[in-house]
Amino acid sequence: MPTETTKSIFWQGARDGAPFILVLIPFSTLFGVVATEAGLNILEALTFSVAVLAGAAQFTALQLLSDGAPTTIAIISALAVNLRMALYSASLTPYLGAAPLWQRALAAYFTVDQTYASSILKFADNSHWTLRQRLSYFFGVATPICPMWFLFTVIGALVGASVPDGLALDFAIPITFLALIAPMLRTSAHLAAALVSVIVALISAGLPYNLGLLAAGVAGMMAGAQIEVLTKRRAAISAPGKLL
Amino acid sequence: MALWTVIVLLGLGSFALRFIFLGLVGNHPLPPWLLRHLRYTAVAVLPGLVAPLVLWPAETGGTPDISRLLAAFVTLAVGLASRSVLPAILCGGATLYAGLYIFG
């Protein structure tokens, strides 16, 4: 077995993170463009990306703000989109929880879909890694990803100012969201959550303060959780030997 | 002003969500019913956000628009088939522009 130094593990993380750049560049550029269209200047767009560092939540807040939704609704909706980060945080805790507070805070800031997904896979495969090695890997994955997110937000904002009208950029956000949603529809529970959300959102579209979206989110979550329980129960009945 | 309020509070809130377990809760397990609901947050919020935008785009004054409907359909179909985000965005965008070119 080749000896693994903490440094080599950092670079292993950076290598694993690098391919994500291909996906992040168009996504963050699009955010910069759409932000400019919504009236944000370059500094505002960049601060948005640095402060939030989560594509879907950034697009959600931006869309609601340009729709004239109340600030509170924009924040709550975007945070709801970001709730999965709390799950990532919970799932990383057994591996990184022993680190000093400032390192945990830094790791928390850099917890995004890509750093989480890569790390949790590696941590499970390499149970012999020390805490320092795990942290090195985690920050290794973040190193190529996060600066690119910021850089291409700025580039998108620069380009956005020169994008002519009539390019139908109003529809850039719906397309982005649909593209994000489709791969999430893995199980019947996910599908049910999405369908219930759509139905409730359309029925309650007339509610003030975009409250319809909150209703849709809550109803969708309940639908997903219910179907998950039912599916497991049915699986337990058809295969009684198996535990849940 | 509303923009900066959103940036600051959303930034703090997002950090809090990421920090809550790693930083504060430690290894205490969450109740299963809560985890079960949290698993579906993204897939419950995003479709509800996008559905009215697809059916009643503000750009057309709220009337359904064939190009946008087609683009939405293609994006979803490609996303379901390919299980990845980027091809879906590209095909959806291409459909939108083709639709706008054909139907005006």
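Please read these numbers as outputs of a predicted model, since none were measured by experiment. (Residues numbered from 1 in each chain as written. Chains lettered and ligands numbered in written order. Predicted model: local features only at pLDDT ≥ 70, side-chain atom pairs only at ≥ 80, totals over all residues.)

A. How the structure looks around the overall build of chain B. Per the secondary structure count, chain B includes five helices and zero strands. Along its sequence from the N terminus, chain B presents helices and strands in the succession α-α-α-α-α. The C-alpha extent of chain B, read off along each of the three principal axes, is 55 × 40 × 20 Å. Within chain B, the fraction of its 104 residues that count as buried is 44%. Considering only contacts within chain B whose residues lie at least 6 apart along the sequence, 35% involve residues at least 24 apart. (Helix = DSSP H or I, 4+ residues; strand = E, 2+ residues; numbered from the N terminus. Buried ≥ 20, exposed ≤ 12 C-beta atoms within 10 Å, placed from the backbone. Contact = placed C-beta atoms within 7 Å.)

B. Summary view of the domain arrangement of chain B. What the domain assignment reports for chain B is domain 1 (1-39) and domain 2 (46-104). Here the C-alpha centre of domain 2 of chain B lies 31 Å away from the C-alpha centre of domain 1 of chain B. (Domains from an automatic or database assignment.)

C. View of the UniProt feature "transmembrane region" (unreviewed entry) in chain A. Residue and element names in this part refer to chain A. Mapped onto the present numbering, the UniProt feature "transmembrane region" (unreviewed entry) falls at residues 17-35, 68-87, 137-160, 166-182 and 189-207. For the annotated span residues 68-87, helix accounts for 75% and strand for 0% of the residues, and the straight-line distance between the end C-alpha atoms is 30 Å. As annotated, residues 137-160 has a helix share of 100% and a strand share of 0%, and its two end C-alpha atoms lie 35 Å apart. (UniProt positions renumbered as here; feature names shortened; annotations may be inferred.)

D. Region of interest: the domain arrangement of chain A. All names here are of chain A. Taken domain by domain, chain A holds domain 1 (6-168) and domain 2 (185-244). Each of domain 1 and domain 2 has a C-alpha centre, and these two points are 27 Å apart. Tallying contributions element by element places helix α5 (residues 71-81) first for the side of domain 1 that touches domain 2, with four residues.

E. Just the packing of helix α4 (residues 55-66) of chain A against helix α10 (residues 172-181) of chain A, in detail. All names here are of chain A. Two numbers describe how α4 lies on α10: the axes approach to 11 Å, and their chain directions differ by 145°. Regarding α4 and α10, the two cross each other, and that crossing is left-handed. The segment α4 lies against α10, with Ala56, Phe59 and Gln63 engaging Ile173, Thr176, Phe177 and Leu180. When grouped by side-chain class, the residues that make up the contact of α4 with α10 number five nonpolar, two polar and no charged. (Axes fitted to C-alpha atoms, helices over the stretch in contact; angles between N-to-C directions. Left-handed = near helix turned anticlockwise from the far one by under 90°. Nonpolar A, V, L, I, M, F, W, Y, C, P; charged D, E, K, R; others polar.)

F. Spotlight on the interface of chain A and chain B. Across the boundary between the two partners, chain A contributes 76 residues, which contact 62 residues of chain B. With ten residues, helix α6 (residues 84-96) of chain A is the largest single contributor of residues to the side of chain A that touches chain B. Counted by class, the side of chain A that touches chain B contains 55 nonpolar, 16 polar and five charged residues.

G. Geometry of the confidence of the model for chain A. On average, residues of chain A score 89 in pLDDT, and 95% of them are at 70 or above. Across chain A, element-level confidence peaks in helix α11 (residues 188-203) of chain A with a mean pLDDT of 96 and bottoms out in α6(A) with 84. (pLDDT = per-residue confidence, 0-100.)

H. Broad picture of the environment of B:Leu10. Within the secondary structure layout, B:Leu10 lies in helix α1 (residues 2-25). You can call B:Leu10 buried: it has 26 C-beta atoms within 10 Å. Those residues in contact with B:Leu10, other than ones at most four positions away along the chain, are A:Ala51, A:Val52, A:Ala57, A:Ala61, A:Ile75, A:Ala78 and A:Leu79.

I. Expanded view of helix α3 (residues 42-52) of chain A. Residue and element names in this part refer to chain A. The set of residues buried in α3 consists of Ala45, Phe48, Ser49 and Val52. The buried side chains of α3 occupy one side of the element, clustering within an arc of 95° when seen end-on. A positive phi of about 50° marks leucine 53, the residue just after α3. (Arc of directions from axis to C-beta.)

J. Structural detail: α5(A). Burial analysis of α5(A) places eight of its eleven residues in the buried class, the great majority of the element. By the burial criterion, the buried members of α5(A) are A:Ala74, A:Ile75, A:Ile76, A:Ser77, A:Ala78, A:Leu79, A:Ala80 and A:Val81.

K. Inspection of the UniProt feature "transmembrane region" (unreviewed entry) in chain B at higher detail. All names here are of chain B. Feature annotation in UniProt places "transmembrane region" (unreviewed entry) on residues 40-58 and 70-103, given in this structure's numbering. This span, residues 40-58, is 79% helix and 0% strand, and a straight line between its end C-alpha atoms measures 28 Å. What you have in residues 70-103 is 94% helix and 0% strand, and the ends, taken at the C-alpha atoms, are 11 Å apart.

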